[in-house]
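Next come the chains, spelled out residue by residue.
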Amino acid sequence: MLKGKNILLCVTGGIAAYKAAALTSKIKQAGADIKVIMSDSARQFIAPLTFQALSRNEVYFDTFDEKNPEVIAHIDLADWPDLIIVAPATANVIGKLANGIADNMITTTLLATKAPVWIAPAMNVNMYDHPAVQKNIQTLDRYGYQFIEPSEGYLACGWVGKGRLEEPEKIVSLIEGFFHDRSKGMLKGKRIIVTAGATKEKIDPIRYFTNRSSGKMGFAIAGEAAKEGAEVLLVTNSSLPAPDGVTILPAETAEDMYHEVMKHAPEADIIIKSAAVADYKPKYIYGHKMKKQDGDLVIELERTKDILKDLGEKKEHQFLVGFAAETENIDQYAMKKLQQKNADIIVANNVTQEGAGFAGDTNIVTIYKRDGSKKELSLMSKRMVAKELLNEIVQSMKRDR
């Protein structure tokens, strides 16, 4: 998707510089030509040779190292890219840019460029929240710089909070979205409903039943569908960041999800049921916290509504996709579900396989179709699984015309 694009990566001095190596590799794999500039501090964390090997290009770090007498190196680099990414971006480089300071290869190049610049901060949570840093970020925002927000989690310094460099795969996805012309996507004009993640079935005001589904697969599908020009509604209880161009419809329980999906189903062209919806819910919900008692506890459960089955019974023009997370007899259960639910495709996986379970960033799936054929996908990122699935849906819809 990035073939023919020139991307300049500026790496500054933080422990997250190791992620910049993975980012370089993924950008290169996506087809772009990538060049890297490193600050002196970044070279304390990772060697330039690493980036040279991954990018297949010379790595720059010395403003005065003019190897080609026909050009000025930092001006030539400033004019070369279609997009510049600063990752990781330290508080130091953000402050320098906000105040027009150009004292190294990175800052002189950034001040000289006309290309769009994206900044991905990575630092201690307290540094990120400091008023001076936030003021500098606001200044750069006014100048037209775009920011890739840091994520929350455990930081190298031991603190937990906002400050982690966004994952390389997510950054590559944002880059692809930036360059992708959605008006020419294969799903242009299509309306798609995607369900994602787990539902929560209340027992009392404190407790609920749920499952291990994170929603990552459904969010990847929704994001890729939007990139391909679709109007996407994502029905979910997950707190993952909303993909660009996707409308989130909150749904906590199976009943909530049922009503949201059914409300919008008549207008949908494609419905992809990737959520792990509870099959059962407590028959009675306690109004107050249940107190611990001696002996065992029995909670009576009742069936929830089968969203996929009802969609299959009521569908008219919609292309219907279901998911099956299994632990055994994958072929048998997937084909049975395909027929019983009147679906067009069932995507099944064995969640006991390493790399195919819940919450991870990868998956191993098999796509089962109504004509009895199937397509097995090896271990790959959930984003790539989403791409493969959407392509199969489009091809199947063309054949069914």
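Parameters and conventions
Residues numbered from 1 in each chain as written. Predicted model: local features only at pLDDT ≥ 70, side-chain atom pairs only at ≥ 80, totals over all residues. Heavy atoms only, no water. Helix = DSSP H or I, 4+ residues; strand = E, 2+ residues; numbered from the N terminus. Contact = heavy atoms within 4.5 Å. Pairing = 2+ DSSP bridges. Axes fitted to C-alpha atoms, helices over the stretch in contact; angles between N-to-C directions. Buried < 20%, exposed > 50% of the residue type's maximum accessible area, 1.4 Å probe, protein only. Polar contact = N/O pair within 3.5 Å; in protein donor to acceptor, adjacent residues only side chain to side chain. Salt bridge = Lys/Arg side-chain N within 4 Å of Asp/Glu carboxyl O. Patch = residues over 30% accessible without salt bridge, like charges linked within 9 Å, V, L, I, M, F, W, Y side chains within 5 Å. Areas by Shrake-Rupley, 256 points an atom, 1.4 Å probe, with all protein chains shown as cover. Core = buried A, V, L, I, M, F, W, Y, C linked by side-chain atoms within 4.5 Å. UniProt positions renumbered as here; feature names shortened; annotations may be inferred.

A. Here's a closer look at the side chain of Lys35. Structurally, Lys35 can be placed in strand β2 (residues 33-38). Each residue touching Lys35, except ones within four places of it in the same chain, is listed here: Ile7, Leu8, Leu9, Asn57, Tyr60, Leu77 and Trp80.

B. Focus on the sheet that holds strand β14 (residues 270-273). The strand order β13-β12-β9-β14-β17-β18-β20-β21 describes an open sheet built from 8 strands, whose pairing is mixed. The open sheet has two edge strands, β13 (246-250) and β21 (374-376), and neither has a second partner. Within this sheet the neighbouring strands show an average axis-to-axis angle of 15°, counted without direction. Sheet topology note: the strand β12 (residues 231-236)/β13 ladder contains 5 bridges and is parallel. Across the sheet, residue Val235 finds its bridge partner in β13, namely Leu249. Helix-sheet contacts for helix α12 (residues 330-340) involve β17 (319-326), β18 (345-350), β20 (366-369) and β21, and the interaxial angle to β18 is about 155°.

C. Representation of the environment of Glu313. Here Glu313 is to be found in helix α11 (residues 307-314). You can call Glu313 exposed: its relative accessible area is 54%. One polar contact links Glu313 to Lys309, side chain to side chain, over a distance of 2.6 Å.

D. Highlighting the environment of Gly13. When you line up the elements, Gly13 lands in the loop between β1 (6-11) and α1 (17-29). Sequence separation between Gly13 and Phe61 is 48 residues; the distance between their C-alpha atoms is 12 Å. If we ignore the near neighbours within four places in the chain, the residues touching Gly13 are Ser39, Ser41, Ala42, Phe45 and Thr90.

E. Spotlight on the pattern of salt bridges. The final tally for this structure, using the stated rule, is 23 salt bridges. We note a salt bridge from Lys315 to Asp344, for which the minimum N-O separation is 2.9 Å. Taken together, the residues span a long stretch of sequence, with Lys315 in the loop between α11 and β17 and Asp344 in the loop between α12 and β18 at a distance of 29 residues. Linked through salt bridges whose partners overlap, the residues forming this network are Glu176, Glu224, Lys227, Arg383 and Lys387.

F. Here's a closer look at a nonpolar patch on the surface. On the surface, Ile15, Tyr18 and Phe45 cluster together to form a nonpolar patch covering roughly 340 Å² of accessible area. Summarising the element assignment, Phe45 is placed in the loop between β2 and α2 (48-55).

G. How the structure looks around the nonpolar core. Membership of the largest hydrophobic core comes to 32 residues, with the highest contact counts inside it found for Ile221, Ile272, Val321, Leu389 and Ile393. Of all the elements in the fold, those that place two or more residues in this core are β9 (191-196), α9 (216-227), β12, β14, β17, β18 and α13 (382-399). Here this core takes 7 residues from α9, the largest share from any one element. If we ignore the near neighbours within four places in the chain, the residues touching Ile272 are Ile192, Ile193, Val194, Thr195, Ile221, Val321, Phe323, Leu389, Leu390 and Ile393. Listed in part, the 31 residues of the second largest apolar core include Leu2, Ala16, Ala42 and Ile46.

H. Broad picture of the UniProt feature "domain: DNA/pantothenate metabolism flavoprotein C-terminal" (unreviewed entry) in the chain. Under the UniProt annotation, the feature "domain: DNA/pantothenate metabolism flavoprotein C-terminal" (unreviewed entry) is placed at residues 187-395. Taken end to end, residues 187-395 comprises 27% helix and 27% strand; its first and last C-alpha atoms sit 11 Å apart.

I. Structural context of helix α4 (residues 91-98). Counting buried positions along α4 gives 7 out of 8 residues, so the element sits mostly inside the fold. Buried within α4 we find Ala91, Val93, Ile94, Gly95, Lys96, Leu97 and Ala98. Where α4 is buried, its residues touch β4 (83-89), α5 (105-112), β5 (117-121), α6 (125-129) and α7 (131-143).

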